[in-house]
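A closer look at the structure
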Amino acid sequence: QVQLVESGGGLVQTGGSLRLSCAASGIIYSIDTMGWYRQAPGKQREAVAIIARGGTANYANFVKGRFTISRDDANKAVYLQMNSLKPEDTAVYYCQAWIAGGNYWGKGTLVTVSS
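A brief structural summary. None of these values were measured; they are calculated from a predicted model.

**Focus on the overall build of the chain**
A tally of regular secondary structure across the chain gives 0 helices and 11 strands. Its helices and strands in sequence order give the chain the pattern β-β-β-β-β-β-β-β-β-β-β, from N to C terminus. Scaling as 2.2 N^0.38, a compact globule of 115 residues should have a C-alpha radius of gyration of about 13 Å, and the chain matches this with 13 Å. A principal-axis box enclosing the C-alpha atoms of the chain has dimensions of 45 × 25 × 25 Å. Put simply, the chain has 115 residues, and 40% of those count as buried. A separation of at least 24 residues holds for 52% of the contacts in the chain among residues at least 6 apart in sequence. Total accessible area on the chain is roughly 6,200 Å²; 49% of this is exposed by carbon and sulfur atoms. The distance from the centre of the 11 positive side-chain charges to the centre of the 7 negative ones in the chain is 1 Å.

**Brief notes about unusual backbone geometry**
Phi at Ser84 is positive, roughly 50 degrees, even though this residue is not glycine. Along the chain, Ser84 falls in the loop between strand S8 (77–82) and strand S9 (91–99). Assessed through its relative accessible area of 41%, Ser84 is described here as partly exposed. The residue Ala100 is not glycine, and still its phi comes out positive at about 50 degrees. By secondary structure assignment, the location of Ala100 is in the loop between S9 and strand S10 (102–105). Residue Ala100 is classed as exposed on the basis of its relative accessible area of 77%.

**A look at the packing of aromatic side chains**
Scanning all chains against the criterion turns up 1 aromatic pair. The ring of Trp105 has Arg45 sitting right over it, with the charged end atom 4.8 Å from the ring centre.

**Digging into the sheet that holds S8**
Backbone hydrogen bonds are what pair the strands of a sheet, in a parallel or an antiparallel way. Taken together, the 4 strands give an open sheet; going across it, the order is S1-S3-S8-S7, and neighbouring strands pair in antiparallel fashion. Every interior strand has two partners, whereas the edge strands, strand S1 (3–7) and strand S7 (67–72), have only one. Averaged over all adjacent pairs, the angle separating strand axes in this sheet is 15 degrees, with direction ignored. In this structure, S1 lies alongside strand S3 (residues 18–25), joined through 5 bridges in antiparallel fashion. By the bridge assignment for S3, Glu6 is matched with Cys22.

Scoring rules and cut-offs
- Residues numbered from 1 in each chain as written.
- Predicted model: local features only at pLDDT ≥ 70, side-chain atom pairs only at ≥ 80, totals over all residues.
- Heavy atoms only, no water.
- Helix = DSSP H or I, 4+ residues; strand = E, 2+ residues; numbered from the N terminus.
- Rg over C-alpha atoms; globule rule 2.2 N^0.38 Å.
- Buried < 20%, exposed > 50% of the residue type's maximum accessible area, 1.4 Å probe, protein only.
- Contact = heavy atoms within 4.5 Å.
- Areas by Shrake-Rupley, 256 points an atom, 1.4 Å probe, with all protein chains shown as cover.
- Lys, Arg positive; Asp, Glu negative; His and termini not counted.
- Charge placed at Lys NZ, Arg CZ, Asp CG, Glu CD.
- Phe/Tyr/Trp six-rings, centres within 6.5 Å; stacked < 30°, edge-to-face > 60°.
- Lys NZ or Arg CZ within 6 Å of the ring centre and 35° of its normal.
- Pairing = 2+ DSSP bridges.
- Axes fitted to C-alpha atoms, helices over the stretch in contact; angles between N-to-C directions.

Structural data, given as structure tokens:
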């Protein structure tokens, strides 16, 4: 059974940085697109950054220049480096991956940015 587990969330001050990690486990031969999404209180889940198998990345406008997504296929992992954090970045961040035609999600990790 495939599982995604996020880590690295926490409390940080405005302007600070955090690095989120997501590790996939289970019988996995290859991972297609991976991504990070977030959901703030009272808001819908939204895409933050997506990275294709070849490494091409796309970002939401609100994180361009501040966040960087990367992946390590050998270790079945995806990362999100978040810099210059703002209070509006406060949310639960979810890892997502397409694996063998299935869409998998982690349970999320909370990021809180204090002003």
